[in-house]
Amino acid sequence: MQQKELSSEKQLAREVGGIIAIRRKAKGLTQAQLAEQMEIEKETVSRIETGHIAPTLARLAQIAKLLDCEISDLLKISTPDVSDQALALMNRMEDLSQSQQTILLDLFGKVAMAMGKLNAKDRKVVEKFLGDIL
């Protein structure tokens, strides 16, 4: 039973770390920048995000404050919220002109529609291709 509890704790640490990473990226911060703001080593941020170490409640509160969210937002174990994804996209596009933003949004829409029409096997091939070039 103790092994199962340890395994579930490790999984929870990974999931919380993943949420922290998503929110950090959505804010446009690197691990080094977050670490500097927290006055800790970059490696510590990396270990938190990968679930190798679980943050304390005090550390979670600090991270939540720096990422402009509530502690409970860091504990929501689910897929990324659409608003998180939209925020990440908005942050990456903020230095572009309005016409460049419009072109990219049109492109994203067309790619999404095309991906939706693919069968599962072809979708995986396209996802791999896009992942490789990005």
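The residue count restarts for each chain, going from 1 along the sequence in the order it is written. Where local features are concerned, this predicted model is filtered to residues with pLDDT of at least 70; where side-chain atom pairs are given and counted, the filter is 80 or more; whole-chain, interface and lining totals use all residues. In computing side-chain values, all of the structure's heavy atoms are included and hydrogens and water are not.

Colleague: Help me understand the overall build of the protein chain in this model?
Modeller: In terms of regular secondary structure, the protein chain is built from eight helices and zero strands. What the globule rule says is 2.2 Å times the number of residues to the power 0.38, and the radius of gyration is computed from C-alpha atoms. In summary, the protein chain has a C-alpha radius of gyration of 18 Å against a globular reference of 14 Å for 134 residues, an excess of more than 25%. In terms of overall dimensions, the protein chain has a C-alpha envelope of 45 × 40 × 25 Å along the principal axes. The classification of residues rests on relative accessible area computed with a 1.4 Å probe and restricted to protein chains. Under 20% of the type maximum is buried, over 50% is exposed, and intermediate values are partly exposed. Taking all 134 residues of the protein chain together, 25% fall into the buried category. Throughout, a contact is declared for two residues whenever any of their heavy atoms are within 4.5 Å. When contacts within the protein chain are restricted to residue pairs at least 6 apart in sequence, long-range pairs at least 24 apart make up 56% of them. Under the scheme used here, helices are H or I runs from DSSP no shorter than 4 residues and strands are E runs no shorter than 2 residues, and both carry numbers assigned from the N terminus.

Colleague: How should I be thinking about the environment of Arg24 in this particular structure?
Modeller: Take Arg24: it is sitting in helix H1 (residues 2–26). Here the alpha-carbon distance between Arg24 and Leu66, two residues 42 residues apart in the chain, equals 8.9 Å. What Arg24 contacts, discounting residues up to four positions off in sequence, is Leu29, Thr30, Gln31, Leu34, Glu49 and Leu67.

Colleague: What is the right way to look at the pattern of salt bridges in this model?
Modeller: It is possible for side chains bearing opposite charge to pair when their charged atoms get close. By definition, a salt bridge exists where a carboxyl oxygen of Asp or Glu is found within 4 Å of a side-chain nitrogen of Lys or Arg. Applying the stated rule across the entire model yields four salt bridges. Between Arg24 and Glu49 there is a salt bridge; the shortest N-O distance is 2.5 Å. Remark: Glu49 occurs in helix H3 (residues 42–49) and Arg24 occurs in helix H1; sequence separation between them is 25 residues. What makes Glu49 buried here is its relative accessible area of 9%. Between Asp68 and Lys27 there is a salt bridge, with its nearest N and O atoms 2.4 Å apart.

Colleague: What is the right way to look at the environment of Thr30 in this model?
Modeller: By the element assignment, Thr30 lies in the loop between H1 and helix H2 (31–38). Accessibility expressed as a relative area gives 39% for Thr30, which makes it partly exposed. Considered as a pair, Thr30 and Val45 are 15 residues apart in the sequence and their alpha carbons are 9.8 Å apart.

Colleague: In this structure, what is going on with unusual backbone geometry? I would like to understand it.
Modeller: Note: most peptide bonds trans; most residues except glycine with negative phi. Its identity is not glycine, yet Glu39 carries a phi of approximately 60°, on the positive side. Mapped onto the fold, Glu39 is located in the loop between H2 and H3. Glu39 sits in the exposed class, given a relative accessible area of 75%. For Asp68, which is not glycine, the phi dihedral falls at a positive 55°. Summarising the element assignment, Asp68 is placed in the loop between helix H4 (57–66) and helix H5 (71–74). With relative accessibility at 57%, the residue Asp68 sits in the exposed group.

Colleague: Explain the nonpolar core to me, please; I cannot follow it from the model alone.
Modeller: One recurring pattern in soluble globular proteins is that nonpolar side chains are buried together. As used here, the term nonpolar core means buried Ala, Val, Leu, Ile, Met, Phe, Trp, Tyr and Cys residues forming a set that is joined through side-chain atoms within 4.5 Å. Core analysis: the largest hydrophobic core is formed by 16 residues, its most contacted members being Ile20, Leu34, Met38, Val45, Ile63, Leu67 and Leu74. Listing elements by their share of this core, those giving two or more residues are H1, H2, H3 and H4.

Colleague: Explain the packing of H2 against H3 here, please?
Modeller: Between two packed helices, both the angle of their axes relative to each other and the distance between the axes serve to describe the pair. With axes taken as lines fitted to C-alpha atoms, and helix axes fitted only over the stretch in contact, angles between N-to-C directions fall between 0 and 180 degrees. The geometry of H2 relative to H3 is characterised by a closest axis approach of 8 Å and an angle of 110° between their N-to-C directions. When the interaxial angle is binned, H2 and H3 end up roughly perpendicular. The two elements H2 and H3 cross, and the hand of that crossing is right-handed. Counting all contacts with H2, which are made through Gln31, Ala32, Leu34, Ala35 and Met38, the residues of H3 involved are Lys42, Val45, Ser46 and Glu49. Orientation is classified from the angle alone, with under 35 degrees giving roughly parallel, over 145 giving roughly antiparallel, 65 to 115 giving roughly perpendicular, and any other angle giving oblique. In this scheme the handedness of a crossing depends on how the near helix is turned from the far one: anticlockwise by less than a right angle means left-handed, clockwise means right-handed.

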